[in-house]
Amino acid sequence: MHACSKVRAPLSIYFYLSDHIDSALTPPPAVSAFSPPLAISAYSPPPMMLASIPSTPSHPKFPEKFGRFTAIVIVQMVILTFGFGFLGAVAYFEYLAPSNSVCELMVNHPGELTMVVTLIATVLSVTAATLFTFSVKETLRRRMWKPISLIHLSTGVALAEGSHILKRQFKGLTLLTLFIFAMLRLLTAGWTTLLTPTYFMWPVQLNGSELDITGSAFAIILQEEFLANGLIQDNSFEILDIGAMLSGVVAAGYTFGLPGTFNFNGAKYNTSTQGIVPTIESFSGSDGVPNANGTRLGFSGGNITVNTGIRPGSRASTHIPQGFSTNYSMSQQGLTANVSCQAMDSSQTQYLWDTNNSYVIYTNAAAASNNFITGLRLWNISANCGNNALASYEYVTMVDANGNTSSSGSGFLPSVVCLGPMNENQTYKNFTIFTQGFYKYGFLKASVCDVVPLLTTVRADYSNEQISSEVTSSTPFRPENAELLLFIAAVARFQSINSQGLTSSTIGDTLYSIYSSTTTGYVNNNLNDTQVYLELEDYWRGVVEFSATFLRSGFMATGSFPDNIIPNNLSSPVTGTMFISTIGWTRWARDSPTYLLATIPLTIISILTFACASYCMLEAWKEHQDRKKEHEAHAKHQEYNEHHGRVHHRAHFDVSNTLHLIMACAAGSLALKDFSKNGIMENEVAMVSLDESEPGVEPIIKRFVPVPDPAVSSISKEVDI
């Protein structure tokens, strides 16, 4: 708005042409009393006169480039927040994984994944580095209006270009620039480390329950089954016969390096069952429904009840990735046995081991030509089971018409299992097996095996469609486990009797074949008693562990309990972890804070950027206030500039532009030393400042002017005085 617009009647104002507002606003000479009367209306100057009157410039509310510096702070804050927000999310949730479809893309396209992560890391790093160098550039531009040494100016220029200096005389500045230079170069590496996904196992806590066979509640229900249906029921005959034998064979062979995978009810066990039953649905095996008589002791295969799920309140339960594969590690009940076998000494007469009572019960000489049975021998094998209680088993073997047995083609390995204690002082915690080999199995002398079952807690690992178990703790049987011990001993007795056929024994063939496969020469000539007893011990241990698995499976089979819910007094807790193989990000280990180290460059560069931007904003605000004072002084017609000098700067000077530096040096009266060593050292500490021509005055000149050393200036003043 022009000044003339403010003139209203009845004032009369005289305007004079002038090049400056000072003369335009100068009042005319005083009017005398004799002067002609003044016009009542306002004076209307000519258009040319109005154009010559400068207007009062409008003053912006915010400093120049203030928004630019604010944007720098905001963008850098967003980048820093993203970095630490991502790091905090990983630390809080412990594990982060994208959706299943994205995981599949990452796995199927590893090269593209690397490219995308590197591209994102590069963009973030370049953005942060650019914001930093721009902030340094603007900071140095404002700092140059004040005296600054050339070495500090050189340091600022190097930082504005993202570079460094190497000056032995200025070790501090050199180390500073090298440090910042390293942080800038490490930005990409830090972001890449932070954002690159890795393969890991996502753990999910599980819990559930299974059948508890160790307590008195189970002893009661087991005893009821004994009374109602007997120890071994017809439906389970084949299961116990074949299953127990295979479990023993696998356990014995594994000790000598033979592959050992035991299948039972559709589940695969590594070496042996360890007395457990699967507690993971996908590893539980058969999904068939047992019939009415096919549960508990009559179990003949079928689906078992699994009651395992994600632990309530688990943080991982909110989002669980499907992953590429799933493994499980569960802590559950098991059962095993310590088996110790040794040869019976001739002096140990208390066992009363008798194998001499046998006779031929059938002969048919004519059957030899037709390869039929020519004869049968009945054996009555007995042993003392304690308290003068004799246990006696009967076996039948095939003989020739003369009642003789072939020593090379036939084998006889009888066993007697004592279900009770051997003496009055022994508690009901173990049972004894007597055995001896004849004919082909003559390498096994009369032996006694002490079997001590143990209640265990095992860590069962479910992976690769197989179950592997390891005992973590064990306790001996207690009085309430008497029925459990009775069942295990009954299975061993059933196995010992049914393993012997007319011409061979499963147990004997197992010992013979395993040993012969791991040695050279004829087995009877190279036999090592220790190894044979190790095999025998592992065999019976496998039978004991299978009996516990069979028992658990029968009582956990579908239909064993109403609604397939095991009563609380028969339940045992199951805990464990599900490990999901996926790709994503995991919280760093305490001894390897990789992610924290990766954020150090970003943190340092961000702090420096904030510091430079804050300095620029502060200086811009000071200039803004000075301009505001200029504006007010201009409106009040005060000679503010003459008294205070120029207080704002409008220079568009790029310190990182070599041409700008050359122009500023050439325009000024800056006299420097030569290129000698001393000259360069003196030039480095020389003080300069950036000066420019008055705003609006052509040509626009920016120049470096020397600044006297304060110490030298004070000496000169004293001399003048």
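### A closer look at the sheet that holds strand E9 (residues 375-384)
Here is step 1: Taken in spatial order, the 3 strands make up an open sheet running E8-E9-E10, and their pairing is antiparallel. Edge positions in the sheet fall to strand E8 (354-363) and strand E10 (390-398), since each has one partner strand and no second. Here the average twist between neighbouring strands, direction ignored, is 20°.
Here is step 2: Here 7 bridges tie E8 to E9, and the two strands are oriented antiparallel to one another. Along E9, the bridge assignment pairs aspartate 354 with serine 382.

### Here we look at the state of the cysteines
Here is step 1: The full count for this structure, using the stated rule, is 2 disulfides.
Here is step 2: Disulfide pairing places cysteine 341 opposite cysteine 449 at an S-S distance of 2.0 Å. Since a negative S-S torsion denotes a left-handed disulfide, the cysteine 341-cysteine 449 link at about 115° is right-handed. One end of the pair, cysteine 341, is in strand E7 (residues 325-343); the other, cysteine 449, is in strand E15 (residues 447-463), and 108 residues separate them in sequence.

### Digging into the packing of aromatic side chains
Here is step 1: Taken as a whole and judged by the stated rule, the model has 26 aromatic pairs.
Here is step 2: A centroid spacing of 6.3 Å and a plane angle of 55° characterise the contact between tyrosine 199 and phenylalanine 324, whose relative ring orientation is tilted. Here the residue tyrosine 199 occupies a position in strand E3 (residues 198-211), and phenylalanine 324 occupies one in the loop between strand E6 (307-310) and E7, the gap between them amounting to 125 residues.
Here is step 3: Judged by its relative accessible area of 53%, tyrosine 199 falls in the exposed class.
Here is step 4: Residues phenylalanine 200 and tryptophan 202 carry aromatic rings whose centres are separated by 6.3 Å and whose planes lie at 25° to one another, so their mutual orientation is stacked.
Here is step 5: Residue classification places tryptophan 202 among the buried positions, given a relative accessible area of 5%.
Here is step 6: Among the aromatic residues, those joined into a ring-pair cluster are Phe262, Phe264, Tyr269, Phe299, Phe487, Phe546 and Phe550.
Here is step 7: Across from the ring centre of phenylalanine 561, 4.9 Å away, lies the NZ or CZ of arginine 296, which sits over that ring.
Here is step 8: Between lysine 440 and the ring centre of tyrosine 512, over which it is positioned, the NZ or CZ distance is 6.0 Å.

### Notes on the side chain of serine 496
Here is step 1: For serine 496, the position within the fold is in helix H10 (residues 482-498).
Here is step 2: Once residues within four sequence positions are removed from consideration, serine 496 is found in contact with Tyr393, Tyr395, Ser415, Val417, Ile507 and Trp540.

### Quick notes on the nonpolar core
Here is step 1: Phe431 and Trp540 are the most contacted members of the largest nonpolar core, which has 96 residues in total.
Here is step 2: The element best represented in this core is helix H12 (residues 529-556), accounting for 13 residues.
Here is step 3: Those residues in contact with tryptophan 540 that sit more than four places away from it in its chain are Val339, Ser415, Ile433, Cys449, Ala492, Gln495, Ser496 and Ile507.
Here is step 4: With 45 residues, the next largest nonpolar core counts Val90, Met106, Leu124 and Leu140 among its residues.

### Some details on the packing of helix H8 (residues 216-229) against H10
Here is step 1: Axis separation between H8 and H10 bottoms out at 8 Å; the angle between their running directions is 45°. Considered as vectors, H8 and H10 are oriented oblique to each other. Within the contact between the two elements, H8 uses Ala219, Leu222, Gln223 and Phe226 and H10 uses Glu483, Leu484, Leu486 and Phe487.
Here is step 2: Each residue belonging to the contact of H8 with H10 can be placed in one class, and the counts come to 6 nonpolar, 1 polar and 1 charged.

### Some remarks on the packing of helix H6 (residues 150-160) against helix H7 (residues 171-195)
Here is step 1: In contact at an axis separation of 10 Å, H6 and H7 are set at 10° when each is read in the N-to-C sense. It follows that H6 is roughly parallel to H7 by the angle criterion. Contacts between H6 and H7 involve Ile151, His152, Thr155 and Leu159 on the former and, on the latter, Leu173, Thr177 and Ile180.
Here is step 2: Of the residues that constitute the contact of H6 with H7, the class distribution is 4 nonpolar, 3 polar and no charged.

### So, the pattern of salt bridges
Here is step 1: The tally for this structure, following the rule as stated, stands at 11 salt bridges.
Here is step 2: Residue glutamate 480 is joined to arginine 478 by a salt bridge in which the shortest nitrogen-to-oxygen separation is 2.7 Å.
Here is step 3: Ionic contacts of the salt-bridge type, sharing partners, join the residues Glu138, Arg141 and Arg142 into one network.

### As for empty space enclosed by the protein
Here is step 1: Tallying each qualifying case throughout the model produces 4 cavities of 30 Å³ or more.
Here is step 2: What the second largest cavity holds in volume is close to 50 Å³.
Here is step 3: Considering the residues around the second largest cavity, the lining is formed by Leu187, Gly190, Trp191, Leu194, Ala598, Thr599, Pro601 and Leu602.
Here is step 4: Counting residues per element, the ones that place at least two in the lining of the second largest cavity are H7 and helix H14 (600-635).
Here is step 5: The dominant element in the lining of the second largest cavity, judged by the number of residues it contributes, is H7, at 4 residues.
Here is step 6: Of the residues assigned to the lining of the second largest cavity, the class counts are 6 nonpolar, 2 polar and no charged.

### Some thoughts on the side chain of serine 505
Here is step 1: Positionally, serine 505 belongs in the loop between H10 and helix H11 (506-517).
Here is step 2: Its relative accessible area of 0% is what places serine 505 among the buried residues.
Here is step 3: Here serine 505 is in contact with Gly411, Leu413, Tyr441, Ser499 and Gln500, once residues within four sequence places are set aside.

### Concerning the confidence of the model for the protein chain
Here is step 1: For the protein chain, the average pLDDT comes to 80, and 79% of its residues sit at 70 or higher.
Here is step 2: Counting interchain partners and residues more than four positions distant, the pLDDT-below-50 stretch residues 1-56 has 43 contacts.
Here is step 3: Predicted confidence for residues 637-649 stays below pLDDT 50, and this span has 22 contacts to residues more than four positions away or in other chains.

### Topic: the environment of aspartate 400
Here is step 1: The residue aspartate 400 is located in the loop between E10 and strand E11 (411-412) in this model.
Here is step 2: Among the residues examined, aspartate 400 registers a relative accessible area of 32% and is labelled partly exposed.
Here is step 3: C-alpha of aspartate 400 to C-alpha of arginine 377: the two residues are 23 residues apart in sequence and 9.6 Å apart in space.
Here is step 4: Among the polar contacts listed, one links the side chain of aspartate 400 to the backbone nitrogen of asparagine 402, at a separation of 3.0 Å.

### Some points on helix H17 (residues 677-685)
Here is step 1: When H17 is considered as a whole, its buried residues turn out to be Gly679, Asn683 and Glu684. Seen end-on, H17 carries its buried residues on one side only, within an arc spanning 135°. Turned more than 90 degrees away from the buried face of H17 sit Lys677 and Asn678, all of them exposed.
Here is step 2: Looking at the packing, one finds that the buried side of H17 touches strand E2 (148-149) and H6.

### So, the sheet that holds E2
Here is step 1: A sheet is described by the order of its strands in space; here 3 strands give the open sequence E2-E18-E19, paired in antiparallel fashion. The open sheet has two edge strands with one neighbour each: E2 and strand E19 (702-706).
Here is step 2: Pairing analysis gives 2 bridges linking E2 to strand E18 (residues 687-692), with the strands arranged antiparallel. Across the sheet, residue serine 149 finds its bridge partner in E18, namely methionine 687.
Here is step 3: Against the sheet, helix H16 (residues 658-667) engages E18 and E19, with an angle of about 60° to E19.

Conventions adopted
- Residues numbered from 1 in each chain as written.
- Predicted model: local features only at pLDDT ≥ 70, side-chain atom pairs only at ≥ 80, totals over all residues.
- Heavy atoms only, no water.
- Pairing = 2+ DSSP bridges.
- Helix = DSSP H or I, 4+ residues; strand = E, 2+ residues; numbered from the N terminus.
- Axes fitted to C-alpha atoms, helices over the stretch in contact; angles between N-to-C directions.
- Disulfide = S-S within 2.5 Å.
- Phe/Tyr/Trp six-rings, centres within 6.5 Å; stacked < 30°, edge-to-face > 60°.
- Buried < 20%, exposed > 50% of the residue type's maximum accessible area, 1.4 Å probe, protein only.
- Lys NZ or Arg CZ within 6 Å of the ring centre and 35° of its normal.
- Contact = heavy atoms within 4.5 Å.
- Core = buried A, V, L, I, M, F, W, Y, C linked by side-chain atoms within 4.5 Å.
- Parallel < 35°, antiparallel > 145°, perpendicular 65-115°, else oblique.
- Nonpolar A, V, L, I, M, F, W, Y, C, P; charged D, E, K, R; others polar.
- Salt bridge = Lys/Arg side-chain N within 4 Å of Asp/Glu carboxyl O.
- 1 Å grid on protein atoms, 1.4 Å probe; cavity = no way out; pocket = protein on both sides within 12 Å on 5 of 7 lines; lining within 4 Å.
- Points joined across faces, edges and corners; volume = space filled by probe spheres on them.
- pLDDT = per-residue confidence, 0-100.
- Polar contact = N/O pair within 3.5 Å; in protein donor to acceptor, adjacent residues only side chain to side chain.
- Arc of directions from axis to C-beta.

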